[in-house]
Amino acid sequence: MKTLLTLHGLVVRAADYGENDRMLTLLTPERGRISVCTKGTKSLKNPNSVACQPLCYSEFTVSSGNGPFVLSEASLIEQFYGLRLSLEASAAAFYAAEAAGELCPENSGSRETVSLVLNTLYRLSTVGREGEEVAREVGRVKAAFELRLAALSGFSPYLSSCEECGNAEGSFSFEVTEGQFLCEDCLAKRERPSHERWYSLTPTVLDALRYVLACPAKRLFSFTLPEEDGKLFCRICENYLAFRLERTLPSLDFYRKIVTAGK
Ligand SMILES: [Zn+2]
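Residues numbered from 1 in each chain as written. Predicted model: local features only at pLDDT ≥ 70, side-chain atom pairs only at ≥ 80, totals over all residues.

Enquirer: Can you walk me through the sheet that holds strand β8 (residues 198–200) in this structure?
Expert: Two strands in a sheet stick together by hydrogen bonds in their backbones, pointing the same way (parallel) or opposite ways (antiparallel). Pairing within the open sheet is antiparallel, and its 3 strands lie in the order β7-β6-β8. The open sheet is flanked by β7 (180–183) and β8, the only strands paired with a single partner. Neighbouring strand axes in the sheet, compared pairwise and without regard to direction, differ in orientation by 25° on average. As paired elements, strand β6 (residues 172–175) and β8 share 3 bridges and run antiparallel to each other. Within β8, the position partnered with Glu 175 by the bridge is Trp 198. (Pairing = 2+ DSSP bridges. Helix = DSSP H or I, 4+ residues; strand = E, 2+ residues; numbered from the N terminus. Axes fitted to C-alpha atoms, helices over the stretch in contact; angles between N-to-C directions.)

Enquirer: Looking at this structure, I do not really get the pairing of strand β2 (residues 21–28). What am I missing?
Expert: Consecutive side chains along a regular strand alternate between the two faces of the sheet. Most of β2 is tucked away, with 6 of its 8 residues classed as buried. Two strands pair when backbone bridges link them, and strand β1 (residues 3–17) and β2 are joined in this way by 7 bridges, in the antiparallel orientation. When the sheet's bridge partners are listed, Val 11 is paired in β2 with Leu 26. Where β1 folds back on β2, the antiparallel hairpin that results is connected by 3 residues, among which Gly 18 adopts a positive phi of roughly 65°. With 7 bridges joining them, β2 and strand β3 (residues 32–38) adopt antiparallel strand pairing. Bridging across to β3, Arg 22 finds its partner in Thr 38. Between β2 and β3, which pair antiparallel in sequence order, lie 3 residues. (Buried ≥ 20, exposed ≤ 12 C-beta atoms within 10 Å, placed from the backbone.)

Enquirer: Where do I start with helix α5 (residues 203–214) in this structure?
Expert: The α-helix advances 3.6 residues per turn, and as a result positions three or four apart in sequence lie on the same side. For α5, spanning 12 residues, the distance from its first C-alpha to its last is 16 Å, which sits close to the expected 16 Å at 1.5 Å a residue. Packing partners of the buried residues in α5 comprise α3 (132–152) and α6 (227–245). (Expected span 1.5 Å × (residues − 1). Contact = placed C-beta atoms within 7 Å.)

Enquirer: How do you make sense of the environment of Ala 144 when you look at a structure like this?
Expert: Structurally, Ala 144 is set in helix α3. In sequence terms Ala 144 and Glu 227 are 83 residues apart; their C-alpha atoms lie 15 Å from each other. If we skip the residues at most four places from it in the chain, Ala 144 touches Val 212, Leu 220 and Phe 221.

Enquirer: Explain unusual backbone geometry here, please?
Expert: Excluding glycine, most residues fall at negative phi; most peptide bonds, likewise, are trans. Look at Leu 55: it is not a glycine, yet its phi comes out positive at around 70°. When you line up the elements, Leu 55 lands in the loop between β3 and β4 (57–64). The phi dihedral of Phe 80 is positive, around 50°, even though this residue is not glycine. Among the structural elements, Phe 80 can be located in the loop between β5 (69–78) and α1 (87–103).

Enquirer: Looking at this structure, I do not really get the sheet that holds β2. What am I missing?
Expert: The strand order around the closed barrel built from 5 strands is β1-β2-β3-β5-β4, with neighbouring strands paired in mixed fashion. Taking each pair of neighbouring strands and ignoring which way they run, the sheet shows an average axis angle of 50°. Sheet analysis places β1 next to β4, joined by 8 bridges and oriented antiparallel. When the bridges of β4 are listed, His 8 appears paired with Glu 59. Along the sheet, α1 makes contact with β1, β2 and β3, crossing β1 at roughly 120°.

Enquirer: How should I be thinking about the domain arrangement of the chain in this particular structure?
Expert: The figure often quoted for interface size is the accessible area lost as the parts come together. Per the domain assignment, the segments making up the chain are domain 1 (3–78) and domain 2 (81–157 + 192–262). Averaged C-alpha coordinates put domain 1 and domain 2 at centres separated by 26 Å. Looking at the side of domain 1 that touches domain 2, the elements that each hand over two or more residues are β1, β2 and β3. Residues belonging to the side of domain 1 that touches domain 2 are distributed by class as follows: 7 nonpolar, 3 polar and 4 charged. (Domains from an automatic or database assignment. Nonpolar A, V, L, I, M, F, W, Y, C, P; charged D, E, K, R; others polar.)

Now the structure itself:
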């Protein structure tokens, strides 16, 4: 027997199949990541087509039976129009959606993760047009998203005190493949395998990392960083998430190309 369900979802992927149909991957607060078959949505004449585009947040009525969900109706809630103004911002938004789609569990409630992605897309849609400052701001927002997503997915690094001696004062380094956190003395004594990637943290970068892990969701982007610290913060967060995902996502490669081309 088929039942109708109403869900809210961000379209993270729309894969074509058949002549006019698409299979959507949605991130929903109610059921985590789900796949939905849609009929005829490749055609822009289809009344559901707009709400089914990638990076649209929409309300979906779907029927569920034994097989996959099948779309019956979709209505657009938010399309983050401002993303169209900046190539960096839209590339970062596609990457954020793809990364969250990778880590979001299937068929289980994921309110915090969905809300994190929506807040990130909203912030990215308000950064403005091209320019050096816009690119830096996109990088900062993307980095805060990356670390927070890792933490929400159960990979929160321990950054309170040196994990070997318990020292909470002084200089620290952070290792992104295993998420290790050591004081200078302990790091100097340690034999370092070649796969390890250590970053020496400035106090400002350490504060920013701790802030992103602990702040209320609504205040996630309410911090500032000087330019050099910002670069280090971005490298750490990007690599930390990439190692949790165990691969570099195609959308991250694309974002990097856009950033390099803009320099
Ligand atoms: Zn130590």
